[in-house]
Amino acid sequence: MKGLRAKVGMILVASALAVPTMAAAAEDAVTTTDTVVSTETSVPAVQNLSIKFRLDSSQYEVNGTMKTMDTAPDIVNQTSYVSLKHFAEAIGAELTWDASGENATLKTSDFTVTFKIGDSLIWLNGAEVELGAYIGEKDGRTIVPIRALGQLFGWSVNFYGDGNIYLSKVVM
């Protein structure tokens, strides 16, 4: 029994001495590597954007704020159209016109789109794109097909039978 106690005692002493040595070795291994692993996580801020137009109404809503436009959205040839000016304001884009007044340019941080009244082609970041519907004019305003343009700028576009047109986008 004496021998067994001595062996257990030696194992305990050896273990006690080895643990700090192993911990120091592990610490050295961590400090000499080039890879750093962080346990911190950051979640990007998510923002839900929403726009609501209503056919035949001069009122529209942007992120809960009511606004007024001078030309109501309308349906032309089975396509819903909205004023380019108010679409630009709703999505937070910059709208400029050329000197002749026939071409408009809409700019966001990601896109530059040029339009010509009466054409179905647009220029997206310099590339020609078929929009699928013509750029029109109503009450002295340039009107654009809202589904095609909304989706082009990354918005989800939904129509409801009650005349409401909803655009939504999640931004991080």
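Definitions and cut-offs
Residues numbered from 1 in each chain as written. Predicted model: local features only at pLDDT ≥ 70, side-chain atom pairs only at ≥ 80, totals over all residues. Heavy atoms only, no water. Helix = DSSP H or I, 4+ residues; strand = E, 2+ residues; numbered from the N terminus. Buried < 20%, exposed > 50% of the residue type's maximum accessible area, 1.4 Å probe, protein only. Contact = heavy atoms within 4.5 Å. Areas by Shrake-Rupley, 256 points an atom, 1.4 Å probe, with all protein chains shown as cover. Phe/Tyr/Trp six-rings, centres within 6.5 Å; stacked < 30°, edge-to-face > 60°. Polar contact = N/O pair within 3.5 Å; in protein donor to acceptor, adjacent residues only side chain to side chain. Salt bridge = Lys/Arg side-chain N within 4 Å of Asp/Glu carboxyl O. Core = buried A, V, L, I, M, F, W, Y, C linked by side-chain atoms within 4.5 Å.

Per an unreviewed UniProt entry, the protein carries the name Copper amine oxidase N-terminal domain-containing protein and comes from Paenibacillus aurantiacus.

(A) A look at the overall build of the protein. Along its length, the protein carries three helices and 14 strands. Looking at the 172 residues of the protein, the share that counts as buried comes to 28%. A separation threshold of at least 6 residues defines the contact pool for the protein, and within that pool the share at least 24 residues apart is 40%. Per element, the accessible surface of the protein, about 11200 Å² overall, is 54% carbon and sulfur.

(B) Quick peek at the packing of aromatic side chains. By the definition in use, this model includes four aromatic pairs. Their ring planes at 80 degrees and their centres at 5.5 Å tell us that Phe111 and Phe153 sit as a pair that is edge-to-face. Within this pair, whereas Phe111 is found in the loop between strand S7 (103-107) and strand S8 (112-116), its partner Phe153 is found in the loop between helix H3 (146-152) and strand S13 (156-159), the two being separated by 42 residues in sequence. Taking relative accessible area as the criterion, Phe153 reaches 2% and is therefore assigned buried. Centroid distance Tyr160 to Tyr166: 5.1 Å. Interplanar angle 80 degrees. Geometry classified as edge-to-face.

(C) How the structure looks around helix H2 (residues 84-91). Extensive coverage of H2 is indicated by the burial of six of its eight residues. When H2 is considered as a whole, its buried residues turn out to be Leu84, His86, Phe87, Ala88, Ala90 and Ile91. The distance from a side-chain oxygen at the start of H2 to the backbone nitrogen of Lys85 is 3.3 Å, and the residue carrying that oxygen is Ser83. Positive phi appears at Gly92, one or two residues downstream of H2, with a value of about 80 degrees.

(D) Seen up close, unusual backbone geometry. Positive phi, close to 50 degrees, is recorded for Asn77, a residue that is not glycine. Taking relative accessible area as the criterion, Asn77 reaches 74% and is therefore assigned exposed. Backbone geometry at Gln78 places phi at a positive 65 degrees, although glycine is not the residue there. For Gln78, the location among the structural elements is in the loop between strand S4 (74-76) and strand S5 (79-83).

(E) Quick peek at the pattern of salt bridges. According to the stated counting rule, one finds three salt bridges in the structure shown. Among the salt bridges present, the one from Lys138 reaches Asp74, with a minimum N-O distance of 3.4 Å. In this pair, Lys138 is assigned in strand S11 (residues 136-138) and Asp74 in strand S4, connecting sequence segments 64 residues apart. Between Lys85 and Glu89 there is a salt bridge, with its nearest N and O atoms 4.0 Å apart. Of this pair, Lys85 and Glu89 both sit in helix H2, four residues apart, roughly one helical turn. According to the relative accessible area criterion, Glu89 is partly exposed, its value standing at 45%.

(F) Representation of the nonpolar core in the model. Membership of the largest hydrophobic core comes to 30 residues, with the highest contact counts inside it found for Phe53, Phe87, Leu106, Phe115, Leu149, Phe153 and Leu167. When residues in this core are grouped by element, the largest group, five residues, is from H2. With residues near it in sequence (within four places) discarded, Leu167 still touches Leu49, Ser50, Ile51, Phe53, Phe87, Ile146, Gly150, Trp155, Ser156 and Val157.

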